[in-house]
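The residues making up each chain are set out below.
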Amino acid sequence: MTHNEEQVAGLVLAAGGGRRLGGRPKALLTHRGRPLVEHAVATLRTAGLARVHVVVGAAAGTVRNTARLDGCVLVENPAWEEGMGSSLRAGLESVALTRAGAVLVSLVDQPGIGPEAVRRVLAAYEGAGSLVSAAYDGVRGHPVLFGSAHWAGVAEAATGDQGARAYLRAHEVRLVECGDVAQAYDIDVEADLGRLESTEH
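Notes on the structure follow. From a predicted model like this one, the values you see are computed outputs, not experimental measurements.

### Concerning the packing of helix α2 (residues 36–46) against helix α5 (residues 115–123)
- For the pair α2 and α5, interaxial distance at closest approach is 8 Å and the crossing angle is 50°. One way to sum up the angle between α2 and α5 is to call them oblique. As for the relative orientation of α2 and α5, their crossing is right-handed in sense. Counting all contacts with α2, which are made through Thr43, Leu44 and Thr46, the residues of α5 involved are Pro115, Val118 and Arg119.
- When grouped by side-chain class, the residues that make up the contact of α2 with α5 number 3 nonpolar, 2 polar and 1 charged.

### So, the environment of Ala102
- Within the fold, Ala102 resides in strand β6 (residues 102–107).
- Remark: the alpha-carbon pair of Ala102 and Arg34, spanning 68 residues in sequence, is separated by 29 Å.
- Here Ala102 is in contact with Gln7, Val8, Ala9, Tyr125, Leu145, Phe146, Gly147, Ser148 and Trp151, once residues within four sequence places are set aside.

### Description of the pattern of salt bridges
- Applying the stated rule across the entire model yields 13 salt bridges.
- Salt-bridge contacts for Lys26 lead to Asp188; the nearest nitrogen and oxygen are separated by 2.6 Å. One end of the pair, Lys26, is in the loop between β1 (8–14) and β2 (30–31); the other, Asp188, is in the segment after β9 (174–177), with 162 residues separating them in the sequence. The pair formed by Lys26 and Asp188 is uniform in burial state, with each residue classed as buried.
- The partner of Glu38 in a salt bridge is Arg34, and the shortest N-O contact between them spans 2.8 Å.
- Members of the salt-bridge network, linked through shared partners, are Arg20, Lys26, Asp109 and Asp188.

### Remarks on the pairing of β1
- Across the 7 residues that make up β1, a large majority, 7, are buried.
- Burial along β1 is two-sided: the face carrying Val8, Gly10, Val12 and Ala14 and the face carrying Ala9, Leu11 and Leu13 are both buried.
- Of the strand pairs in this sheet, β1 and β6 are connected by 6 bridges, and their pairing is parallel. Following the sheet pairing, Leu11 is matched in β6 by Val105.
- Where β1 lies against strand β4 (residues 52–56), 5 bridges are found, and the strand directions are parallel. Following the sheet pairing, Leu11 is matched in β4 by His53.

### Comments concerning the environment of Ala164
- Tracing the sequence through the fold places Ala164 in the loop between α6 (151–157) and α7 (165–169).
- Residue Ala164 is classed as buried on the basis of its relative accessible area of 9%.
- Remark: the alpha-carbon pair of Ala164 and Met84, spanning 80 residues in sequence, is separated by 9.0 Å.

### Points about the nonpolar core
- One finds Val8, Val12, Val37, Val54, Leu104 and Leu145 to be the most contacted residues of the largest nonpolar core, which totals 42 residues.
- Only β1, α2, β4, α3 (60–66), β6, α5 and β7 (131–136) provide two or more residues apiece to this core.
- Of all the elements, α2 adds the most residues to this core, at 5 residues.
- Apart from the residues within four sequence positions on either side, Val37 is in contact with Ala14, Ala27, Val54, Val63, Ala67, Leu69 and Val108.

### Digging into helix α4 (residues 84–96)
- Here α4 spans 18 Å end to end across 13 residues, near enough to the 18 Å set by a 1.5 Å rise per residue.
- Those residues of α4 that fall on the buried side of the exposure criterion are Gly85, Ser86, Ser87, Leu88, Ala90, Gly91, Leu92, Ser94 and Val95.
- Against the buried residues of α4 lie β1, β4, β5 (73–76), β6 and α6.

### Let's talk about the packing of aromatic side chains
- Here the structure, examined in full by the defined rule, presents 0 aromatic pairs.
- A cation over an aromatic ring shows up here: Arg195 above the ring of Tyr185, its NZ or CZ 4.1 Å from the ring centre.

What counts and what doesn't
Residues numbered from 1 in each chain as written. Predicted model: local features only at pLDDT ≥ 70, side-chain atom pairs only at ≥ 80, totals over all residues. Heavy atoms only, no water. Axes fitted to C-alpha atoms, helices over the stretch in contact; angles between N-to-C directions. Helix = DSSP H or I, 4+ residues; strand = E, 2+ residues; numbered from the N terminus. Parallel < 35°, antiparallel > 145°, perpendicular 65-115°, else oblique. Left-handed = near helix turned anticlockwise from the far one by under 90°. Contact = heavy atoms within 4.5 Å. Nonpolar A, V, L, I, M, F, W, Y, C, P; charged D, E, K, R; others polar. Salt bridge = Lys/Arg side-chain N within 4 Å of Asp/Glu carboxyl O. Buried < 20%, exposed > 50% of the residue type's maximum accessible area, 1.4 Å probe, protein only. Pairing = 2+ DSSP bridges. Core = buried A, V, L, I, M, F, W, Y, C linked by side-chain atoms within 4.5 Å. Expected span 1.5 Å × (residues − 1). Phe/Tyr/Trp six-rings, centres within 6.5 Å; stacked < 30°, edge-to-face > 60°. Lys NZ or Arg CZ within 6 Å of the ring centre and 35° of its normal.

Shown next, in the form of structure tokens:
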């Protein structure tokens, strides 16, 4: 394990209720035979992150009982209906209790982003002041790495569904192009469900 991987904690935001998916929690959508949240965690682990925190909210009990999330720190966000901002704050609070120097944030509903994109973002980590984002054809996306010097500011700016968007707009972010190794689509509406794969690969 490299120095970088010991310093960086993974954070999967998986609390959403899937309002535009008829109220099906995104963490529990099936992809290749298992809940989507398992794939999100496996992506971070495959990329070398040993410590992964997962923020759950909608159907949190079912997520705990259904998904195999051994070794993860599960963070329950009772305010998940307020939007992604509350989940990001809850996750940062959890990571702040560890000795991590940075956190890499990924979203549960982006199965097209695999370990290679995560590795590229991790490789750009330089310390507490790091602010790094994957980019797809030059457009900022996920995952995003926040050095610990940014956590308080990110938490303060994270409101509603904004997450870290406002904070990132106001700061210089190092973009790492990942469009050649990942697809940054979201599973947001019924039409997106066709992107989930029904069988193991």
